[in-house]
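Residue-level listing of the chains:
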Amino acid sequence: MTTTPEDSRYAQTHEYVHLEGDVATIGITDYAQKELGDVVFVELPAVGAQLEAADELGSIESVKAVSDLFAPVSGEVVEVNEALKEKPELVNTDPYGDGWMIRVKMSDPSEFDELLMSAEEYERVRRDREPLTWLPAC
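Residues numbered from 1 in each chain as written. Predicted model: local features only at pLDDT ≥ 70, side-chain atom pairs only at ≥ 80, totals over all residues. Heavy atoms only, no water.

## Notes on the overall build of the protein
- A count of helices and strands for the protein gives five helices and nine strands.
- Written out in order from the N terminus, the α and β elements of the protein read β-β-β-α-β-β-β-β-β-α-α-β-α-α.
- Computed over its C-alpha atoms, the radius of gyration of the protein comes to 14 Å, within 12% of the 14 Å expected for a compact globule of 138 residues.
- For the protein, the spread of C-alpha atoms along the principal axes amounts to about 35 × 35 × 25 Å.
- A burial count over the protein gives 46% of its 138 residues as buried.
- For the protein, long-range pairs separated by at least 24 residues make up 64% of all intrachain contacts whose partners lie at least 6 apart in sequence.
- On the protein, roughly 7,000 Å² of surface is accessible, and the fraction owed to carbon and sulfur atoms is 49%.
- For the protein, the distance from the average site of its 11 positive side-chain charges to the average site of its 30 negative ones is 5 Å. (Helix = DSSP H or I, 4+ residues; strand = E, 2+ residues; numbered from the N terminus. Rg over C-alpha atoms; globule rule 2.2 N^0.38 Å. Buried < 20%, exposed > 50% of the residue type's maximum accessible area, 1.4 Å probe, protein only. Contact = heavy atoms within 4.5 Å. Areas by Shrake-Rupley, 256 points an atom, 1.4 Å probe, with all protein chains shown as cover. Lys, Arg positive; Asp, Glu negative; His and termini not counted. Charge placed at Lys NZ, Arg CZ, Asp CG, Glu CD.)

## Re the side chain of D30
- When you line up the elements, D30 lands in helix α1 (residues 30-36).
- Overall, the relative accessible area of 10% leaves D30 in the buried class.
- Within the structure, the side chain of D30 is placed 2.9 Å from the side chain of Q33, a separation counted as a polar contact. (Polar contact = N/O pair within 3.5 Å; in protein donor to acceptor, adjacent residues only side chain to side chain.)

## So, the side chain of T29
- Locating T29 in the fold gives a position in the loop between β3 (23-28) and α1.
- At 3.1 Å, the side chain of T29 and the backbone nitrogen of A32 are in polar contact.
- Those residues within four positions of T29 in sequence are excluded, and the remaining contacts are Y10, H14, E15, Y16, P95, Y96 and Y122.

## Notes on the pattern of salt bridges
- For the structure shown, the criterion picks out six salt bridges.
- As a salt-bridge pair, K105 and D22 come within 2.4 Å of each other at their nearest N and O atoms. In this pair, K105 sits in strand β9 (residues 102-106) while D22 sits in the loop between β2 (15-20) and β3, placing the two residues 83 residues apart along the sequence.
- Between R103 and E79 there is a salt bridge whose closest N-O contact spans 3.2 Å. (Salt bridge = Lys/Arg side-chain N within 4 Å of Asp/Glu carboxyl O.)

## Some words on the environment of G58
- Here G58 is to be found in strand β6 (residues 56-62).
- Note on G58: relative accessible area 6%, which makes it buried.
- In the structure, G58 is positioned 40 residues away from H18 in sequence and 19 Å away in space, judged by C-alpha atoms.

## Observations regarding the sheet that holds strand β1 (residues 9-10)
- Strands sit in the order β1-β2-β3-β9-β8-β5 across an open sheet of six strands; the sheet is antiparallel. Two strands bound the open sheet, and with one partner strand each, they are β1 and β5 (50-51).
- As paired elements, strand β8 (residues 75-80) and β9 share five bridges and run antiparallel to each other. Bridge pairing in β9 places E79 opposite R103. (Pairing = 2+ DSSP bridges.)

See the structure below:
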């Protein structure tokens, strides 16, 4: 059984994008949070920051490693999940809900389909290429 929502799109670096209009909600996938282990800190950009697809947007620290986070789409950060400052474990307990990280007003909505994979494509790539591409070798 998959834990990859069908209504979102996915980057090879294990971020998801859920689109509502031209605003993208971004976080890491359930698979990514399981591989990271217990998340203890999340560093995110400020509201108003301009992101380009594939640029570093912040970092995530777990009991296993500190890893970079990458922007799956381009645009302006319009909201940051402030709850993660006090409760970074939300990324583990509810990555597609309360554990979202940022919301971005997309500057190029075509990136949603052009740069990102469907849930089925992501699951196939994930199975074929482990471990995570952005985790440091242990």
